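Chains, contacts and geometry: an overview
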Amino acid sequence: MISDNIGKDLPTFERKDIPVVCIQGLGFVGAAMAVAVSSAVDSKGNPKYNVIGLDLPNERGRKIVDEINSGVFPFESTDKKLLYHFENSVSRKNLFATTNPEAISLASIIIVDINLDLTWKNSFPDVDLNGFIRGIRTIAEYVSVTSLVIVETTVPPGTCEKVVVPEIARILEKRGLPNDSVLVAHSYERVMPGSDYLDSIINYWRVYSGHTKEAADRCMNFLSDIINTDKFPLTRLSSTTASETAKVLENSYRAVNIAFMEEWGRFAEEIGINMFEIVDTIRKRPTHSNIRQPGFGVGGYCLTKDPLFAKVAAEKLFGKKIDFQFSERAVDINNRMPLAVITRLEKILGDTLSRKRVLLLGVSYRQDVGDTRNTPSEILVKELKRRDIEVVCHDPLVEYWQEMGIKVIRDLPEFEAFDIIILAVPHKEYKEIDFKKLSFKCNSVILDANNVLTNKQIEQIRTIGSELLFIGRGD
């Protein structure tokens, strides 16, 4: 059991005959990964691993650590399966959290889940690796020989080979240890917070590689313990750089696909057709099943930045200047997508928009998730506030919008208090609103910015007589 000095002391596990895994970084990915690993069991139902979640000794890190050790998952989640397995792991005492980096010395496997953000220098994209490198150095200072380090963080391609391996080797030599006595692998996550939060780890395909064959083999064995590989086979790539590139490329592809649909959404609005029914028709063709659709914008931790990671890697790690025109343009288009809401409203309201009161339904970056990082709602709210337009924000999964410093209401207010209602996120709660039971202002406007409304709700609103607008369709 862990001492009363939660977050600082190291745990003493009841089961000492199973390996310890340390998850470095307890954000949306690391916290879920800690549950996935601690919930892996053998044929007799016994846990395969003891897990220590490690975070920084700052206010946020201590809060997450204290919540985990108190049996509270640190993020809002609609995934009952994840919460069930989290509670099981805490109760059987094979999942603990701490801010003490000495926890690394207890582990035979360390998983790196440190956030790595895109920054801008003189209008050029850059990735500040300093925090990530500090995390790698901490691992190298405490890691035991023969341990395996698996980098899950989305990194510029080449990071494992040119940053992680040399940094670990340098510190191991300072410790008087062989510089190759710790194995390094890369296996990127495809975590999707929401109703399938846990399944996006344990019941989903995985790509991996190792800096050496031994590292790749060890990584494969570990992943096979926590992932349902019978239904979701692992894919080994030839190098860690290839694995890193796969993550960046798959996210870039999706971001470009979304940006491509933006102009088609404007086309549909202008000529009065429904682009969503058109896209659904196209998706019936198997080769086109993953075509995206118009919407409110792109948010979250991945698609907003990953398309620019290859450009950064080419210059920063390989000394090559390569243009990524599609990727750069996609990021720019996606960043401006939320502003189409204002253009749409201005066509109806003109100069009177500045005197309206707005209710924004949804501030998280995707449905049924409480994550507000890089949410397109932030772009819209900032522009509305710049125009001195009053905005009230509602979200069933967010209490406080940290990036904006805004308190978010969680109970639906009276709609008649607002001139404009914008549906930005297709949360389940919004799809269940019975508009027949609500009162609206005369001449109120309802704008569905993200294909939120059901056909039944659309008919209800039209019966009420409110002005109904859409992003991506002109009817």
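Residues numbered from 1 in each chain as written. Predicted model: local features only at pLDDT ≥ 70, side-chain atom pairs only at ≥ 80, totals over all residues. Heavy atoms only, no water.

**Quick notes on the overall build of the protein**
Of regular secondary structure, the protein possesses 15 helices and 17 strands. Relative to a compact globule of 475 residues, whose C-alpha radius of gyration would be 23 Å, the protein shows 24 Å and is just as compact. Expressed along its principal axes, the backbone C-alpha trace of the protein runs to roughly 75 × 50 × 45 Å. By residue count, 53% of the 475 residues in the protein fall in the buried class. Taking contacts inside the protein between residues at least 6 apart in sequence as the whole, the part at least 24 apart equals 74%. (Helix = DSSP H or I, 4+ residues; strand = E, 2+ residues; numbered from the N terminus. Rg over C-alpha atoms; globule rule 2.2 N^0.38 Å. Buried < 20%, exposed > 50% of the residue type's maximum accessible area, 1.4 Å probe, protein only. Contact = heavy atoms within 4.5 Å.)

**Observations concerning unusual backbone geometry**
In this structure, Asp-368 is a non-glycine residue whose phi angle is positive, near 55°. With relative accessibility at 23%, the residue Asp-368 sits in the partly exposed group.

**So, the sheet that holds strand 15 (residues 420–423)**
Taken in spatial order, the five strands make up an open sheet running 12-11-15-16-17, and their pairing is parallel. The open sheet has two edge strands, strand 12 (390–394) and strand 17 (467–470), and neither has a second partner. Geometrically, the sheet is characterised by an average inter-axis angle of 20° between neighbouring strands, direction not taken into account. As paired elements, strand 15 and strand 16 (residues 445–448) share four bridges and run parallel to each other. Its bridge partner lying in strand 16, Leu-423 is registered against Asp-448. In the packing of helix 15 (residues 455–464) onto the sheet, the strands contacted are strand 16 and strand 17, and the crossing angle to strand 17 comes to about 145°. (Pairing = 2+ DSSP bridges. Axes fitted to C-alpha atoms, helices over the stretch in contact; angles between N-to-C directions.)

**A short note on the pairing of strand 8 (residues 183–186)**
For a regular strand, side chains alternate in direction, first toward one face of the sheet and then toward the other. Neither face of strand 8 is exposed, since Leu-183 and Ala-185 on one face and Val-184 and His-186 on the opposite face are all buried. Pairing between strand 7 (residues 148–151) and strand 8: four bridges, direction parallel. For Val-151, the partnering residue across the bridge sits in strand 8 and is His-186. The parallel pair strand 7 and strand 8, bridged by helix 5 (residues 159–174), forms a crossover whose chirality is right-handed. Bridge count between strand 8 and strand 9 (residues 206–210): two bridges; the pairing is antiparallel. (Right-handed = clockwise from strand over helix to strand, strands pointing away.)

**Observations regarding the pattern of salt bridges**
Tallying each qualifying case throughout the model produces 32 salt bridges. Here Glu-262 makes a salt bridge to Arg-266, at a shortest N to O gap of 2.2 Å. Highlighted residues: Glu-262 and Arg-266, both in helix 8 (residues 240–271), separated by four residues, approximately one helical turn. Note on Arg-266: relative accessible area 22%, which makes it partly exposed. (Salt bridge = Lys/Arg side-chain N within 4 Å of Asp/Glu carboxyl O.)

These figures come from the coordinates and say nothing about function on their own.
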